[in-house]
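Letter by letter, the chains look like this.
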Amino acid sequence: MKKNVLLLVLLLPFYGKSQITVQTYAGNKEAEVLGIYNKDFNHKWNYFASGTIAYDYDAKKVNPEIYQNINYGVGKNWGVSAGVHISREDIMPSVGVAYGKENDVFSINVFPALTYSTDAKNFGLGLYTLLEYTPKINEKLNFYSMLIVESDFSFKEHQSSSQVIRI
């Protein structure tokens, strides 16, 4: 049952009429496919999702996971957020704040939140940050760079972190 729910949640962000960013890259420990979906429903509501399917070279395992949340704007670029991070190891619902700002060249999304690990039965703090910088090089080409920083902490110890840099 848990695997079927995970598959459904992974596919959910890829349905809709909005820009979907799909990227594939390989690192020194794993290869990964990343999908990002960000949709504004009106001036107040926004849905954001980041899903990955990673292949660990050493363990020879595929690990799907998704981070998604719904945001309600309460001020310029600020909002309240509720979401869930689902991976093979854990399901972590969260509530927190959201900050997002975007123009033609730069975008930033930051989601600090209070989380709950259903596996460890612990509350903690989580932070998901996505930065993208895409200045125009000429009429046909843009430079693209991306930074994703994700960290989860229980109130006793660091649980997990990941960083993705893409140029």
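Treat the numbers as computed from the prediction; the structure is a model and nothing was measured.

## Some words on the overall build of the protein chain
Thought 1: Helix and strand counts for the protein chain stand at 1 helix and 10 strands.
Thought 2: Across the protein chain, helices and strands are ordered from the amino to the carboxyl terminus as α-β-β-β-β-β-β-β-β-β-β.
Thought 3: A burial count over the protein chain gives 37% of its 167 residues as buried.
Thought 4: Of the contacts made within the protein chain by residues no fewer than 6 positions apart, 32% connect residues no fewer than 24 positions apart.
Thought 5: Of the roughly 10,700 Å² of accessible surface on the protein chain, 60% is carried by carbon and sulfur atoms.

## Considerations on unusual backbone geometry
A negative phi angle is the norm for most residues apart from glycine, just as the trans form is the norm for most peptide bonds.
Thought 1: Even without a glycine there, the phi angle at K60 is positive, about 55°.
Thought 2: Inspection of the secondary structure assignment puts K60 in the loop between β3 (45-56) and β4 (61-75).
Thought 3: Even without a glycine there, the phi angle at N77 is positive, about 70°.

## Looking at the pairing of β4
Thought 1: Pairing analysis gives 12 bridges linking β3 to β4, with the strands arranged antiparallel. Bridge pairing links A54 to N63 in β4.
Thought 2: In this structure, the hairpin formed by β3 and β4 is closed by a connection of 4 residues, where K60 is found at a positive phi of approximately 55°.
Thought 3: Across 9 bridges, the pairing between β4 and strand β5 (residues 78-86) is antiparallel. Within β5, the residue paired with Q68 across the bridge is V84.

## Details of the environment of S145
Thought 1: Residue placement: S145 occurs in strand β9 (residues 145-154).
Thought 2: The exposure class assigned to S145 is buried, which follows from its relative accessible area of 13%.
Thought 3: Along the chain, S145 and L131 lie 14 residues apart, while their C-alpha atoms are 8.2 Å from each other.
Thought 4: Residues contacting S145, with those up to four places away along its chain left out, are L131, E132, Y133, R166 and I167.

## Remarks on a nonpolar patch on the surface
Thought 1: Nonpolar side chains collect at one region of the surface, where F41, W45, I70, Y72, V74, W78, V80 and V97 lie side by side and expose about 740 Å² of accessible area between them.
Thought 2: Top contributing element to the nonpolar patch by residue count: β4, with 3 residues.
Thought 3: Relative to the assigned elements, W45 resides in strand β3.

## Some details on the pairing of strand β1 (residues 20-26)
Thought 1: Here 7 bridges tie β1 to strand β2 (residues 30-40), and the two strands are oriented antiparallel to one another. Note on β2: the bridge partner recorded for T21 is I36.
Thought 2: Connecting the antiparallel pair β1 and β2 is a turn made up of 3 residues.

Basis of the calculations
Residues numbered from 1 in each chain as written. Predicted model: local features only at pLDDT ≥ 70, side-chain atom pairs only at ≥ 80, totals over all residues. Heavy atoms only, no water. Helix = DSSP H or I, 4+ residues; strand = E, 2+ residues; numbered from the N terminus. Buried < 20%, exposed > 50% of the residue type's maximum accessible area, 1.4 Å probe, protein only. Contact = heavy atoms within 4.5 Å. Areas by Shrake-Rupley, 256 points an atom, 1.4 Å probe, with all protein chains shown as cover. Pairing = 2+ DSSP bridges. Patch = residues over 30% accessible without salt bridge, like charges linked within 9 Å, V, L, I, M, F, W, Y side chains within 5 Å. Salt bridge = Lys/Arg side-chain N within 4 Å of Asp/Glu carboxyl O.

Interpretation in functional terms is not warranted from these geometric data alone.
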